[in-house]
Amino acid sequence: MQTISQPVVRVSRHGKIAVVTIDNPPVNALSDTVRASLVQVLPELAEDPTVAAVVLTGQNGQFVAGADIREMSRPPAQPFLPEVVAAIDAMKKPILAAIDGAALGGGLELALACDLRVGTERSRVGLPETKLGVIPGAGGTQRLPRLTGVATALELIGSAKIISGKEALHLGILDALMPEDRMLTDVIALAENTSKRRLSEHDVPCASKTDVQDAEKSTLKRAKGATAVLEAVRVVKAAETEPFAQGLFLEREAFLRLRESDEAKALRYLFLAERATGRLPASEKAQPRHFSRIGIIGGGTMGAGIAVTTADAALNVVIIERDAAAVAACQKRIASLYAKQIETKRITEEEAERRFKKIQISHEWDVLKNVDFVIEAAFESMEVKEDIFRSLNKVVQAHTVVATNTSYLDLDAIAGCAERPENVLGLHFFSPAHIMRLVEVIRGAKTAPDALATAIALGRKIQKLPVVAAVGEGFIGNRIFSHYRKHAEYLMEDGVSPQDIDQAMQSYGFAMGPFAVADLSGLDIAWAMRKRQSATRNPNERYVKIPDMFCEAGRLGRKTGKGWYSYVAASPELDDEACALIEAGRKQAGSRHVKLSAEAIQRRLLAVLANEGAKVLESGVASSASDIDIVFVNGYGFPRIQGGPMFAADKMGLPNVLREVEAAATVGGAGSEPSALLIQLVQSGGSFTAGIT
Ligand code: COA
């Protein structure tokens, strides 16, 4: 039987008005077939004497979400998007864009070439290309400033911001908002009386020089050196000084160059990886259970953050605290989280009030009788958690999924205290939980598939990135990170200063180096872990005593004013005591006093990250290399433009990575050996992340 595929572009007639509907599920991306159909259909309608005006719209509740990101890694295929936009621009008849849902990137560029843009309250518009390492490539950098002025265009394009229909109306990007159910009918009626208004023929509105300078300054500051943003600023500013055609030429040249850059490749990879994560293979797929009321045990920093993020997603929350005093303290904590959001203009006072009302705080466990999902965020102690799970047996319903937020305790042992271990799993949030997107979803030995599916669905509902991991010390992130930290300490004991290591990793793009991170989270955390592991540690693993010496000297990090660095002066510094402790430790260990360049430090630490990542894959704790990358980019400050440690390792070349790991193994001893998977990939010429880009 022959299957006839649905056309991706349809034309319908409403009297003298032709409606062109783009229908390329799920988001009407501008694939090559969509572009080809549009460049065929539009000139036909332009020539058709029975057509007075054209309305361009999208099916699937969207206008157009932009260029097809999956196509961007292939050689460009004709017709290119600028040709489609040129066909719209060339229309002598009025052409209107009816925008419900997303008009992003190339989608907004189509709309900007139209004479009028109508949206709905559901519209989301923006030119987010810089987030993908490129700039708009089909006129967006030249038409948007002609509509909004250069300052606003710089801010929107430079920050890759997606704005609501209301905001777009306010900025003049949309000309009107209409009710969703009537939009198309109303736009068709409007089309009869619309006249031509080509932005390409307009001048950029005059703006104050200071506004433009301020916008440029703040855009560049936020960009932290991202090449695409620097290029976007240059090209958007050209809209003011160059004729339209020259502006288009500059834009296209920059777009094509950036498209092939390593940054763009890494960002495209992450875009697709982040959408693929949490998708279980067909054999493990299950229908999530219903959930609308969420219980949280413990309203400390973590519990309060989880509560806020859950209420943000319009779910009802009940927090359980120990007693009335703890309830009052939790109430205050949550109020201050909302106050901060109001202060930073993330939400309005009314919105904060509405969300706060969704959170109930109680010390009566009975309120948990009606919840569908419980997240235990109590003190990190096996005894405490076991107690809680035993108490939960008496209140929760048979369908209630129960998650522990433990970061290192044995999930299966905790589940052993539950009457229904099949309902138990881990949800490892990162602090602050209402800001960090990452959540590791830990599948226990007995976790039921539908309980796991429910946790993933909850993670998505609260706008997080749920990455599934199996039980194992430190799950994905903490395990790999602790290995990275160990190797940073080996380098330090061997003679490289903590400052040089931190600076090297910062110049690679990390938000902070490993020693500054340790100061922030507290040196006592890793100290406690080392003590816990001391009985089982392989005697052939190298052990650096210097961190213990720092802890014994009371230097626990920022919270004690001193850790690796001293925080007494205006900027953190390695003080005399720190230098003396390091020197004493080096002496005891018979340090070799090696010197390494920033590049050599980066190579070493990247290689050990990827090698431990490969071991995490081998052990089945992570199911894909891209999950590891997502964890590091979203939870550990790994630079997004480098794609994550596994992607970066592929870029470095796995034979080079293996050589570096072999060198690291001679320094680190047991536990630092090359992973079997890395060796096998080197032998087969494979890579960690092939298949996603
Ligand atoms: N090209 C190709 N596929 C795209 C896409 C694009 N521009 N935008 C979204 N998709 C795909 C996603 O990969 C996902 O596919 P999958 O289900 O096979 O994984 C699907 O569309 C739904 O996307 P998702 O992000 O999960 O849905 P959402 O409703 O949360 O968000 C958007 C929808 C459009 C707001 C969001 O996908 C988005 O921001 N897209 C990128 C827009 C963009 O950057 N455009 C400029 C391109 S240069």
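Residues numbered from 1 in each chain as written. Predicted model: local features only at pLDDT ≥ 70, side-chain atom pairs only at ≥ 80, totals over all residues. Heavy atoms only, no water.

Where an unreviewed UniProt entry is consulted, the chain appears under the name Enoyl-CoA hydratase, with the organism given as Acetobacter tropicalis. Regarding the chain, the relevant UniProt record gives this comment under Catalytic activity (unreviewed entry): "a (3S)-3-hydroxyacyl-CoA + NAD(+) = a 3-oxoacyl-CoA + NADH + H(+)". (UniProt positions renumbered as here; feature names shortened; annotations may be inferred.)

Here we look at the environment of tryptophan 365
Its location among the elements puts tryptophan 365 in the loop between strand S12 (359-362) and strand S13 (373-376). Spatially, the C-alpha atom of tryptophan 365 lies 37 Å from that of arginine 275, the residues being 90 residues apart in sequence. The contact partners of tryptophan 365, leaving out residues within four places of it in the chain, are Ile297, Ile320, Ile388, Ser391, Leu392 and Val395. (Helix = DSSP H or I, 4+ residues; strand = E, 2+ residues; numbered from the N terminus. Contact = heavy atoms within 4.5 Å.)

What about empty space enclosed by the protein?
Within this structure, the stated rule accounts for 2 cavities of 30 Å³ or more. Reported here for the largest cavity is a volume of approximately 80 Å³. Phe389, Leu392, Asn393, Val396, Gln397, Thr400, Val402, Ala418, Glu419, Arg420, Asn423 and Val424 together form the lining of the largest cavity. By residue number, the principal contributor to the lining of the largest cavity is helix H15 (residues 382-395), which donates 3 residues. Of the residues belonging to the lining of the largest cavity, the class tally is 6 nonpolar, 4 polar and 2 charged. Roughly 40 Å³ of volume is contained in the second largest cavity. (1 Å grid on protein atoms, 1.4 Å probe; cavity = no way out; pocket = protein on both sides within 12 Å on 5 of 7 lines; lining within 4 Å. Points joined across faces, edges and corners; volume = space filled by probe spheres on them. Nonpolar A, V, L, I, M, F, W, Y, C, P; charged D, E, K, R; others polar.)

Examining the side chain of arginine 117
By secondary structure assignment, the location of arginine 117 is in strand S6 (residues 116-119). Buried within the structure, arginine 117 lacks any salt-bridge partner; aspartate 175 is the closest side chain of opposite charge, at an N-O distance of 4.1 Å. (Buried < 20%, exposed > 50% of the residue type's maximum accessible area, 1.4 Å probe, protein only. Lys, Arg positive; Asp, Glu negative; His and termini not counted. Salt bridge = Lys/Arg side-chain N within 4 Å of Asp/Glu carboxyl O.)

A short note on the pairing of strand S2 (residues 17-22)
Among the 6 residues that make up S2, 6 are buried, leaving the element largely enclosed by the rest of the structure. Of the two faces of S2, both are covered, the one formed by Ile17, Val19 and Thr21 as well as the one formed by Ala18, Val20 and Ile22. Strand direction decides the pairing type here: strand S1 (residues 9-14) and S2, joined by 6 bridges, are antiparallel. Residue pairing across strands places valine 9 opposite isoleucine 22, the latter belonging to S2. With antiparallel pairing between neighbouring strands as the criterion, S1 and S2 make up a hairpin whose turn holds 2 residues, including glycine 15 at a positive phi of roughly 65°. (Pairing = 2+ DSSP bridges.)

Re the site of the ligand
Residues in contact with the ligand amount to 18 residues; listed here are only the nearest, Ala65, Ala67, Ile69, Arg70 and Arg275. Here isoleucine 69 contributes a backbone N or O atom positioned 2.9 Å from a nitrogen atom of the ligand. Bound to the protein, the ligand loses 74% of the 860 Å² it would expose on its own. Of the residues belonging to the shell around the ligand, the class tally is 11 nonpolar, 1 polar and 6 charged. (Near = heavy atom within 4 Å. Polar contact = N/O pair within 3.5 Å; in protein donor to acceptor, adjacent residues only side chain to side chain. Areas by Shrake-Rupley, 256 points an atom, 1.4 Å probe, with all protein chains shown as cover.)

What to know about the domain arrangement of the chain
It is common to report an interface's size as the accessible area lost on association of the parts. Taken as a whole, the chain is organised into domain 1 (3-260), domain 2 (291-471) and domain 3 (478-684). The C-alpha centroid of domain 3 is placed 45 Å from the C-alpha centroid of domain 1. (Domains from an automatic or database assignment.)

Structural notes on the sheet that holds strand S4 (residues 95-99)
Taken in spatial order, the 6 strands make up an open sheet running S1-S2-S3-S4-S6-S9, and their pairing is mixed. With one partner strand each, in any of the chains shown, S1 and strand S9 (176-177) form the two edges of the open sheet. In the packing of helix H7 (residues 183-191) onto the sheet, the strands contacted are S1, S2, strand S3 (53-58), S4 and S6, and the crossing angle to S4 comes to about 165°. (Axes fitted to C-alpha atoms, helices over the stretch in contact; angles between N-to-C directions.)

Thoughts on the pattern of salt bridges
For the structure on display, the rule yields 41 salt bridges. As a salt-bridge pair, glutamate 216 and lysine 237 come within 3.0 Å of each other at their nearest N and O atoms. One end of the pair, glutamate 216, is in helix H8 (residues 209-223); the other, lysine 237, is in helix H9 (residues 227-241), with 21 residues separating them in the sequence. Take lysine 237: its relative accessible area is 32%, and that puts it in the partly exposed class. For arginine 355, the salt bridge is made with glutamate 351, and the minimal N-O distance between the two is 2.7 Å. Note that arginine 355 and glutamate 351 are positioned in helix H14 (residues 349-356) at a spacing of 4 residues, about one turn of the helix. The burial state of arginine 355 is the same as that of glutamate 351; both residues are buried. Each member of the salt-bridge network shares a partner with another, and the members are Glu231, Arg234, Glu253 and Arg257.

Here we look at unusual backbone geometry
The omega angle of the peptide bond from proline 25 to proline 26 is 0°, so this bond is cis rather than trans. For proline 26, the location among the structural elements is in the loop between S2 and helix H1 (32-47). Glutamine 78 connects to proline 79 through a cis peptide bond whose omega is -5°. In this structure, asparagine 28 is a non-glycine residue whose phi angle is positive, near 60°. Secondary-structure assignment places asparagine 28 in the loop between S2 and H1. One non-glycine residue, alanine 160, lies in positive phi territory at about 60°. Relative to the assigned elements, alanine 160 resides in the loop between helix H5 (150-159) and strand S8 (162-164). With relative accessibility at 4%, the residue alanine 160 sits in the buried group.

A short note on the pairing of strand S11 (residues 316-320)
Looking along a regular strand, one sees the side chains alternate between the two faces of the sheet. For S11, the tally of buried residues reaches 4 of 5 residues, placing the bulk of the element in the interior. With 5 bridges joining them, strand S10 (residues 293-297) and S11 adopt parallel strand pairing. Residue pairing across strands places arginine 293 opposite asparagine 316, the latter belonging to S11. In the classification by handedness, the crossover that spans S10, the intervening helix H12 (residues 301-312) and the parallel S11 is right-handed. One ladder, built from 4 bridges, connects S11 with S12; its direction is parallel. Of the residues in S12, the one forming a bridge with isoleucine 320 is serine 362. (Right-handed = clockwise from strand over helix to strand, strands pointing away.)

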